[in-house]
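# Summary of the model geometry
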Amino acid sequence: MNEKISLKGQTAVVTGGSRGIGEAVALRLASLGANIAVIYANNDDAANKVCEKCKNDYNVDAKAYRLDVSDFNAVKETVSEIKKDFNTVHILINNAGITRDNLLAMMKEDDFDAVLNTNLKGAFNMIRHTSGMFIRNHGGCIVNISSVAALLGNAGQCNYSASKAGLIGLTKSVARELASKNVRCNAIAPGFIATDMTVDQENNPLLERIPLGRMGSTEDVADAVEYLVSASYVTGEVLKVDGGIAM
């Protein structure tokens, strides 16, 4: 991107913001001037390091909030804390996600439920409890991080694919409901992105399926987030960041 937008004075909430895609997105939004609320599940040190980078490198406010996004009431309480700390929220990035891979015939019910509860219900919970602020602000931007697995399916990931496909349906419904309030909601569908959740990045045979011939980077996804945050006439869309794998 050639021209940088300014998000100075705005607050962005990034779930799953302590590592990987979430970390890259948090730092990108901070670089554009946004104050950052980092939502994370377990790693205190990692989340605090992201906040310190935001503060030291970009001179913005940042704070970490430990949260299980699948817990409706806990999300409500944390969003209230964020409101007290930052006054309001302008941008929500729903990136928190887990995997519990197995073939359908051997998948445990708990593993199916855990993935749906975090990846899909977690996004609903965050949108549900921040939407009032967006409406009162007469504007806002929501970006849900889906996956090409939602579009193509993936053997051994029926729970993950279902959760990410559900995110797309959630995105489009929220976009329709909140458009009259100038609140936009879009989704990004990353392909194979090099993070600590991906393995065999050099020798993975799946690379042969990618027309561009390489895995994506977390910065590629951050580029897409930056675009959607700035694209004032785009809502209800699914932007693929996948090297062409799902074309």
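Note that the structure is predicted; figures quoted are calculated from it, not measured. (Residues numbered from 1 in each chain as written. Predicted model: local features only at pLDDT ≥ 70, side-chain atom pairs only at ≥ 80, totals over all residues. Heavy atoms only, no water.)

### Structural notes on the pattern of salt bridges
Enumeration over the complete set of coordinates arrives at nine salt bridges. Asp-223 is the salt-bridge partner of Arg-28, the closest N and O atoms lying 2.8 Å from each other. One end of the pair, Arg-28, is in helix H1 (residues 20–31); the other, Asp-223, is in helix H7 (residues 218–230), with 195 residues separating them in the sequence. On the basis of relative accessibility, which here comes to 10%, the residue Arg-28 falls in the buried class. Judged by its relative accessible area of 29%, Asp-223 is partly exposed. One salt bridge in this structure joins Asp-44 and Arg-66, with 3.1 Å as the shortest N-O distance. Taken together, the residues span a long stretch of sequence, with Asp-44 in helix H2 (residues 44–58) and Arg-66 in strand E3 (residues 62–66) at a distance of 22 residues. Residue class for Asp-44 comes out partly exposed when judged on its relative accessible area of 32%. Taken together, the shared-partner salt bridges connect Lys-4, Arg-28, Glu-219, Asp-223 and Glu-226 into one network. (Salt bridge = Lys/Arg side-chain N within 4 Å of Asp/Glu carboxyl O. Helix = DSSP H or I, 4+ residues; strand = E, 2+ residues; numbered from the N terminus. Buried < 20%, exposed > 50% of the residue type's maximum accessible area, 1.4 Å probe, protein only.)

### Concerning helix H6 (residues 158–178)
Between its terminal C-alpha atoms H6 stretches 30 Å, which fits the 30 Å expected from 21 residues at 1.5 Å a residue. In this structure, the buried side of H6 is in contact with helix H4 (109–137), strand E5 (140–145), helix H5 (149–152), strand E6 (183–190) and strand E7 (238–241). (Expected span 1.5 Å × (residues − 1). Contact = heavy atoms within 4.5 Å.)

### Some details on a negative patch on the surface
Among the surface-exposed residues, Asp-68, Asp-71, Glu-77 and Glu-81 lie close enough to one another that they form a single negatively charged patch. Summarising the element assignment, Glu-77 is placed in helix H3 (residues 72–86). (Patch = residues over 30% accessible without salt bridge, like charges linked within 9 Å, V, L, I, M, F, W, Y side chains within 5 Å. Areas by Shrake-Rupley, 256 points an atom, 1.4 Å probe, with all protein chains shown as cover. Lys, Arg positive; Asp, Glu negative; His and termini not counted. Charge placed at Lys NZ, Arg CZ, Asp CG, Glu CD.)

### Observations concerning the side chain of Thr-88
Within the secondary structure, Thr-88 is located in the loop between H3 and strand E4 (91–94). Separated by 2.9 Å, the side chains of Thr-88 and Asn-137 make a polar contact. In contact with Thr-88, not counting residues within four places along its chain, are Thr-11, Lys-83, Met-133 and Asn-137. (Polar contact = N/O pair within 3.5 Å; in protein donor to acceptor, adjacent residues only side chain to side chain.)

### A word on the environment of Tyr-233
Mapped onto the elements of the fold, Tyr-233 is located in the loop between H7 and E7. The exposure class of Tyr-233 is exposed, given its relative accessible area of 83%. Along the chain, Tyr-233 and Arg-184 lie 49 residues apart, while their C-alpha atoms are 8.4 Å from each other.

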